[in-house]
Structure formats: C-alpha cells, structure tokens
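Architecture and fold: a report
Listed below, chain by chain, are the residues.
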Amino acid sequence: VQLVESGGGLVQAGDSLRLSCAASGRTFSLYAMGWFRQAPGRDREFVASISRSGNSTLYAEPVKGRFTISRDNAKNTVYGYLQMNSLKPEDTAVYYCAAAEGRRITIAPIEYDYWGQGTQVTVSS
C-alpha cells in the first residue's frame, strides 16, 4: 500500500501549487481521500476531504475558496489532487494525503487508514 505525495515547493504569497497523491495497493476508488497539514509546533489539521465518487467535498474554513480537492479514479492507481491558489505564509506546512476505507468524507485524522509521507509547502511573504 502506497500513498505518495508530490508537488510541494517554495513559492511566494499569492502563488499557486498543485499537490498530487498517487494511491496504490488497494482499491482506493472505494476510499474517501483527504488532505491534512502540519506546521512546526502545531497539531496536524484537516484541510479538505473528498468522497469516493468525488461528488462531495469538504473544506476547512481557512482554505475555503482558495483550495480545491479532486480525484481521478479512472486508473488502477487512484490520484488525489489539491489545487492551492492565493497561497499565504500561514499555509506553510507539510501536507499529507490520506485515505479512509468505506467512509464518505471525514475530517478526523483517526478515521483515515493510510497516510502518505508528506510534502513540504513553504510560502514566503
């Protein structure tokens, strides 16, 4: 089982980034997927979640209107995406994708069964 994030980097405030998550080793089309982030000295926090079909999404208030979560179930490897626009310095964190078996969408980290290793996003002012 693998969830592998990519797409992080160093950008300036106002820029955009698109994070990707490649999920393989399970039938991840049956899993809800989510994105979380963790800044130094802070707890891991929910960013966004998407249902198995992709028809339902949920966002944390700080990113609502700026971030868009999506997924592609068409291939054996399921891809999750997080499009991040109008980035702010407070978005700086390690971003993790996660998959929750048999759930619609959920914001609770404990309900996710598989996690990626994380990708660093740094936004300079």
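Everything in this summary refers to the structure shown in the same document. Keep in mind that this is a model prediction, so the values were computed, not measured. (Residues numbered from 1 in each chain as written. Predicted model: local features only at pLDDT ≥ 70, side-chain atom pairs only at ≥ 80, totals over all residues. Heavy atoms only, no water.)

Quick look at the state of the cysteines now. Per the counting criterion, the structure on display carries one disulfide. There is a disulfide in this structure between Cys-21 and Cys-97, and the S-S distance comes to 2.0 Å. With the S-S dihedral at roughly 50°, the linkage between Cys-21 and Cys-97 falls on the right-handed side. Highlighted residues: Cys-21 in strand 3 (residues 17-24) and Cys-97 in strand 9 (residues 93-101), separated in sequence by 76 residues. When its relative accessible area of 0% is taken as the criterion, Cys-21 is described as buried. (Disulfide = S-S within 2.5 Å. Helix = DSSP H or I, 4+ residues; strand = E, 2+ residues; numbered from the N terminus. Buried < 20%, exposed > 50% of the residue type's maximum accessible area, 1.4 Å probe, protein only.)

Let us look at the nonpolar core. The nonpolar side chains of soluble globular proteins are, as a tendency, buried together. Ranked by size, the top nonpolar core spans 35 residues in total, and within it Trp-35, Val-47, Phe-67, Leu-82, Met-84 and Tyr-95 carry the most contacts. When residues of this core are traced back to their parent elements, those giving at least two are strand 3, strand 4 (31-38), strand 5 (45-50), strand 7 (67-72), strand 8 (78-84), strand 9 and strand 11 (119-124). At six residues, strand 9 tops the list of elements feeding residues into this core. (Core = buried A, V, L, I, M, F, W, Y, C linked by side-chain atoms within 4.5 Å.)

Let's shift gears to the side chain of Ser-51. For Ser-51, the location among the structural elements is in the loop between strand 5 and strand 6 (57-59). The exposure class assigned to Ser-51 is buried, which follows from its relative accessible area of 5%. Side-chain polar atoms of Ser-51 contact the backbone nitrogen of Asn-55, separated by 3.3 Å. Setting aside chain neighbours within four positions, we find Ser-51 in contact with Ala-32, Ser-56, Arg-71, Arg-104 and Ile-105. (Polar contact = N/O pair within 3.5 Å; in protein donor to acceptor, adjacent residues only side chain to side chain. Contact = heavy atoms within 4.5 Å.)

This model, assessed by the stated rule, comprises five salt bridges. Of the charged contacts, one joins Arg-37 and Glu-45 as a salt bridge, the two residues approaching to 2.6 Å between their closest N and O atoms. Of the residues examined, Arg-37 reaches a relative accessible area of 6% and is grouped as buried. Residue classification places Glu-45 among the partly exposed residues on the basis of a relative accessible area of 28%. The partner of Asp-91 in a salt bridge is Arg-66, with the nearest N and O atoms 2.8 Å apart. With Asp-91 in the loop between strand 8 and strand 9 and Arg-66 in the loop between strand 6 and strand 7, this residue pair connects regions lying 25 residues apart in the sequence. Using a relative accessible area of 1% as the deciding quantity, one classes Asp-91 as buried. (Salt bridge = Lys/Arg side-chain N within 4 Å of Asp/Glu carboxyl O.)

By themselves these figures say nothing about function.
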